Amino acid sequence: MADELQKHLDKGMYGAPLLNPEEQRKYMGTFRERCYLSMTLTQMKDKANKEALQKELAANPDAQVLMNGKLPESLQTDYIQLLTKAGAKFTIVNDFVSSAPDGLGLLVVAKEAVNEPVIDVAKKYPATSNKTPEPPKKPGFFEKLFH
């Protein structure tokens, strides 16, 4: 009985205990199993990743976007405009966020577990627009002479 009373008092003073607090800190307060897509702060600056975000939002219309509250204002307003045009629900998260370049800047999440095997935008949508096609190889003098 005293143990239950102590649990009740602790819950009142400190709040409910978190499940997997390290995972929730990394994924802006949610769990990895609920994520469709993730972008780091560096990846958010690439325009090709904005197109990937639009594709992901079109594929998952019930998804919600969690955005890092420590983003630079210009980048934040660009993505807010993109999300409002797409009609997506979004939340700016100020808890559990980092301003490091490799820290998460944006997550597309669901309310329940979706267990996507790959959520990194660079792996899920490899950038084909950044690759320039190689020009055809011109045959050399000896290749022309002997072929």
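Residues numbered from 1 in each chain as written. Predicted model: local features only at pLDDT ≥ 70, side-chain atom pairs only at ≥ 80, totals over all residues. Heavy atoms only, no water.

Q: Teacher, can you tell me more about the environment of Tyr27 here?
A: Topologically, Tyr27 is positioned in the loop between helix H2 (21–26) and strand S1 (35–40). When neighbours within four sequence positions are excluded, Tyr27 is seen to be in contact with Arg32, Cys35, Leu66, Leu104, Leu107 and Ile119. (Helix = DSSP H or I, 4+ residues; strand = E, 2+ residues; numbered from the N terminus. Contact = heavy atoms within 4.5 Å.)

Q: I'm lost on the pattern of salt bridges in this one. Help?
A: Any two side chains of opposite charge can pair, given that their charged atoms come close. Evaluated as defined, the whole model comprises 3 salt bridges. Each member of the salt-bridge network shares a partner with another, and the members are Glu56, Glu116 and Lys124. (Salt bridge = Lys/Arg side-chain N within 4 Å of Asp/Glu carboxyl O.)

Q: I'm lost on helix H1 (residues 2–14) in this one. Help?
A: Think of an α-helix as turning once every 3.6 residues; residues three or four places apart then point the same way. With 13 residues, H1 should reach 18 Å at 1.5 Å per residue; the first-to-last C-alpha distance of 18 Å fits that figure. Burial analysis of H1 places just 0 of its 13 residues in the buried class, which makes it a mostly uncovered element. Phi turns positive, to about 90°, at Gly15, one or two residues after H1. (Expected span 1.5 Å × (residues − 1). Buried < 20%, exposed > 50% of the residue type's maximum accessible area, 1.4 Å probe, protein only.)

Q: Explanation requested: the pairing of strand S3 (residues 89–93) in the structure shown.
A: In the case of a regular strand, side chains alternate between the two sheet surfaces. The pairing of strand S2 (residues 64–68) with S3 spans 5 bridges and is parallel. By the bridge assignment for S3, Gln64 is matched with Lys89. Handedness of the S2-helix H4 (residues 73–86)-S3 crossover: right-handed. (Pairing = 2+ DSSP bridges. Right-handed = clockwise from strand over helix to strand, strands pointing away.)

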